[in-house]
Amino acid sequence: MKKNVSFLALFVLICFGSSLTLVSCKKESQESFGKQETNTESVSEGMQTEKKTPEQLGEQLFNGKGNCASCHQLDVKSIGPSVQEIAKIYKDKNSDMISFLKGNGDPIVDPSQFEVMKANFAITKAMSDEELKGLEAYFYSMLK
């Protein structure tokens, strides 16, 4: 009977010790994981040393995910009015280009092309305010 009690006590000690080790390892693992996240964030921040100007962001969107360049050229009418024409009219009329791009404004540049532009509202409505301001800044930067 003494052997059974000793064996049971030893078994309990081993289980208790193992569970302490597991808890300690888990805690250490979580601490290191937190440190890795912090290091990753600082590396990411370091890689973004050059913040884009609104005009640069707008140009990137115009030629990229905004798909604007497929219908608009900088200084010549193609499928849609030129960027310079759009910027001039919005500036002259003191109108809100961002509201139009959100689908909340009336067409003022070339109403006959409005149906073509409506197909692209899905893209512009999904853009953030910062992105829309970037597009607007890019358009205005093309004025001569």
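As the structure is a prediction and not an experimental result, all values here were calculated from the model. (Residues numbered from 1 in each chain as written. Predicted model: local features only at pLDDT ≥ 70, side-chain atom pairs only at ≥ 80, totals over all residues. Heavy atoms only, no water.)

Caption draft 1: Local environment of the overall build of the chain. Secondary structure assignment for the chain yields 7 helices and 0 strands. Traced from its N-terminal end to its C-terminal end, the chain shows the element sequence α-α-α-α-α-α-α. Across the 144 residues in the chain, those meeting the buried criterion constitute 24%. For the chain, long-range pairs separated by at least 24 residues make up 54% of all intrachain contacts whose partners lie at least 6 apart in sequence. Carbon and sulfur atoms form 58% of the exposed surface of the chain, whose accessible area is close to 10400 Å². (Helix = DSSP H or I, 4+ residues; strand = E, 2+ residues; numbered from the N terminus. Buried < 20%, exposed > 50% of the residue type's maximum accessible area, 1.4 Å probe, protein only. Contact = heavy atoms within 4.5 Å. Areas by Shrake-Rupley, 256 points an atom, 1.4 Å probe, with all protein chains shown as cover.)

Caption draft 2: Highlighting the pattern of salt bridges. All told, the structure shown has 5 salt bridges when counted by the stated rule. Ionic pairing is found between Lys-118 and Glu-115, a salt bridge with its closest N-O pair at 3.6 Å. With Lys-118 and Glu-115 both in helix α5 (residues 114-118), this residue pair falls 3 residues apart, about one helical turn. Its relative accessible area of 40% is what places Lys-118 among the partly exposed residues. Judged by relative accessible area, Glu-115 falls into the exposed class, the value being 56%. (Salt bridge = Lys/Arg side-chain N within 4 Å of Asp/Glu carboxyl O.)

Caption draft 3: Structural detail: the nonpolar core. Membership of the largest hydrophobic core comes to 21 residues, with the highest contact counts inside it found for Phe-62, Leu-101, Leu-135 and Phe-139. Those elements giving two or more residues to this core turn out to be α2 (54-63), α3 (83-92), α4 (97-101) and α7 (129-141). Considering every element that reaches this core, the biggest residue donor is α3, with 5 residues. Residues within four places of Phe-139 in sequence aside, it is in contact with Phe-62, Val-83, Ile-86, Ala-87 and Met-97. (Core = buried A, V, L, I, M, F, W, Y, C linked by side-chain atoms within 4.5 Å.)

Caption draft 4: Region of the structure containing unusual backbone geometry. A positive phi angle, close to 60 degrees, is found at Asn-67, a residue other than glycine. Relative to the helices and strands, Asn-67 is located in the loop between α2 and α3. Positioned with a positive phi, Asn-94 is a non-glycine residue whose angle comes to about 50 degrees. By the secondary structure assignment, Asn-94 is in the loop between α3 and α4. Residue Asn-94 is classed as exposed on the basis of its relative accessible area of 71%.

Caption draft 5: Representation of the packing of aromatic side chains within the structure. For the coordinates displayed, the defined rule picks out 6 aromatic pairs. Aromatic side chains Phe-62 and Tyr-138 sit 5.4 Å apart centroid to centroid with 50 degrees between the ring planes, which places their arrangement in the tilted category. With Phe-62 in helix α2 and Tyr-138 in helix α7, the pair connects residues that are 76 residues apart, well separated along the chain. For Tyr-138, a relative accessible area of 4% translates into the label buried. (Phe/Tyr/Trp six-rings, centres within 6.5 Å; stacked < 30°, edge-to-face > 60°.)

Purely spatial values, then, with no claim about function.
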